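# Descriptive structure summary
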Amino acid sequence: MKSAPFEHHQPTSVGEAVSLLESLDGPTVLSGGQSLVPMLRFRLANPDVVVDINGIEELDYLHEEDGSLKIGALARHADVEHSDLIAEKYGSFADAAPLVADPQIRNRGTVVGSVAQADPKGDWGSLLIAHDGEVVAQGPDGERVIPADEFFLLPYDTALDEDELITEVRVPVPSAREGSAYHKLKRKTGDYAMAGVGVRLQFDDDGVIESAGIGMTAVDITNARASDAEDHLEGERPSPDLFEEAGELAAEQSHPESDEHGDAAYKERMVDVLTQRALGDAAERAGVVRRTVKP
Amino acid sequence: MSETREITLTVNGTEETIEVEPRRLLVHAIREDLDLTGTHIGCDTGNCGACTVLVDGEPLKSCLMFAVQADGSEVETVEGMEDHPDAVDDLHPLQEGFHEEHGLQCGYCTPGMIMSGKALLEENPDPSEAEIREAISGNLCRCTGYQNIVKSIEYAAEKLADGERDDAEAVAADGGVSSADGPASFDGYDVDDDGEFSCGVENCCGGPSTDATHRGDER
Ligand SMILES: Cc1cc2nc3c(=O)[nH]c(=O)nc-3n(C[C@H](O)[C@H](O)[C@H](O)COP(=O)(O)OP(=O)(O)OC[C@H]3O[C@@H](n4cnc5c(N)ncnc54)[C@H](O)[C@@H]3O)c2cc1C
Ligand code: FES
Ligand code: FES
């Protein structure tokens, strides 16, 4: 099926894009198009005007600045996958990138577009939650910074206004004693998650967990935080028992639905397992534990 | 109907100017406006990879992109393979590989597989089996079970490497490098425990590759 007809605008600066979004009636932002193009074709989205941001070079970045890892709106999944900075310091992002879709889609789709899409099965939203990340938006009234916890409202629904453009998402640069990981269960290569868990563990100098972040994929109506498990971990020393308890708490806080890929009880069990595995990787990457047997 | 726009694409090396509506998908522009029906449509939803083409060298699914977005870009489709400098008798080594190794049955997925394979070999001329499988992981095949597709791409990698070695020998014959210097100029290759070279194919190259590390291995 063809998309309904639309006007296509190609701004070359953020300023131009924001004024287009403000002045045009019912605009939709087009980024990598890997979710939006099929939605247009199935007429799930019928905008009169499409503001294509692919020509805005100033949004093509992935770097550290002012204590944050900043991912610009035109950084593609493949840019994260092939970044040395990510490989060196951001374990969870390095884990997730090659697990998003397939090579062709990763060449085109963007991290920010994926966050904007707010698919509960999207992988990046869970990492934004685990890392206490933020979404930076530009609108007619200037810049607005939205914490990840306030961003995802419902499936495909976010705190973003129609005339706002996300310019970047960002997460704090990890401290010296911090590690993170992402584990995802999928039926086959290239699939969305049946369940996914991203974790971040920050330790103090004595090896006690100072802060923990856990985000879950595909097991609730949005990417969701496993706050009970986080609370349970904080102030404790890492141990297999502790991680097992955290896994159980995360599973209890998840709300997966049964579907053709598995029933709810199975997916809850998988949240438990994935949480434990990700916690193990994160603690190892932080340099506080060394596992002899890999799960 | 919305207004059409004139766009210019360099398709397989030839500049083409066409008029398209903004809603026209790149795959439809390629097949219907440019009459290049080698690029297939399998699923229409971004799942199958039959529509894979290279845009500015990168493999993309042309059913997930509007033609206006490719304005000013270089587009490569399977039709361009026969005119590629590496092609012999109108077949690129990848096409020859699919022929020799029975890399296709119905052929529906083949153009997409070939384009994904081309992008891989350009970046990584000596890929491992795992790297080949990763590179075609966005391309579905309903017939072959993939084994022979992997072999076809391995065939092309060897063939292309042979070509390069022939070129290098031609230079040596011209007095560029004396053959006595040969072995010393190779460095960094992997020899497996059993003494086979790491490509794993017997007598394939008779010599090591000079580039044994690829990005995929470091990940
Ligand atoms: C076959 C297939 C498999 C996939 N598998 C996965 C997977 O395993 N994991 C996963 O996470 N994703 C997966 N995806 C989705 C993919 O990651 C998309 O790239 C992503 O969801 C959307 O990013 P995009 O840049 O393509 O955005 P687009 O499709 O261009 O946009 C998506 C939505 O976000 C809005 N938007 C985009 N950018 C902005 C911005 N800067 N400001 C405001 N609004 C914006 C658009 O208006 C639109 O509503 C898959 C997609 C396909 C087709
Ligand atoms: S037709 Fe484009 S991915 Fe199937
Ligand atoms: S040969 Fe038939 S789909 Fe691959």
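The structure reproduced in this document is the subject of the present report.

Thresholds applied
- Residues numbered from 1 in each chain as written.
- Chains lettered and ligands numbered in written order.
- Predicted model: local features only at pLDDT ≥ 70, side-chain atom pairs only at ≥ 80, totals over all residues.
- Heavy atoms only, no water.
- Contact = heavy atoms within 4.5 Å.
- Buried area = accessible area lost by both parts, 1.4 Å probe.
- Salt bridge = Lys/Arg side-chain N within 4 Å of Asp/Glu carboxyl O.
- Polar contact = N/O pair within 3.5 Å; in protein donor to acceptor, adjacent residues only side chain to side chain.
- Helix = DSSP H or I, 4+ residues; strand = E, 2+ residues; numbered from the N terminus.
- Buried < 20%, exposed > 50% of the residue type's maximum accessible area, 1.4 Å probe, protein only.
- Near = heavy atom within 4 Å.
- Areas by Shrake-Rupley, 256 points an atom, 1.4 Å probe, with all protein chains shown as cover.

Moving on, we get to the interface of chain A and chain B. It is common to report an interface's size as the accessible area lost on association of the parts. With 32 residues of chain A at the contact, the number on the chain B side is 30 residues. Between chain A and chain B lies a buried interface of about 2,500 Å² when both sides are counted; carbon and sulfur atoms form 53% of it. Area buried by chain A at its contact with chain B is led by Phe6, Arg41 and Gln104 of chain A, which between them contribute 24% of it. Where chain A touches chain B, the interface holds three salt bridges. Across the pair Arg41 of chain A and Asp44 of chain B runs a salt bridge whose closest N-O atoms are separated by 2.9 Å. At the junction of chain A and chain B, the tally comes to twelve residue pairs in polar contact (both at pLDDT 80 or more). Those elements that place two or more of their residues in the side of chain A that touches chain B are α2 (36-41) and α6 (103-108) of chain A.

Residue and element names in this part refer to chain B. Tracing the sequence through the fold places Glu123 in helix α3 (residues 110-123). Its relative accessible area of 54% is what places Glu123 among the exposed residues. Along the chain, Glu123 and Leu34 lie 89 residues apart, while their C-alpha atoms are 28 Å from each other.

The subject of this paragraph is the site of ligand 1. Residue and element names in this part refer to chain A. Taken together, 35 residues form the shell around ligand 1, and within it Val29, Gly33, Leu36, Thr110 and Asp123 come nearest. Here an oxygen atom of ligand 1 and a backbone polar atom of Gly32 are 2.9 Å apart. One of the backbone nitrogen or oxygen atoms of Gln34 is found 2.8 Å away from an oxygen atom of ligand 1. Relative to its unbound accessible area of 970 Å², ligand 1 is 93% covered by the protein chains. Looking at the shell around ligand 1, the elements with two or more residues in it are β2 (27-30), α7 (111-117) and β10 (165-172).

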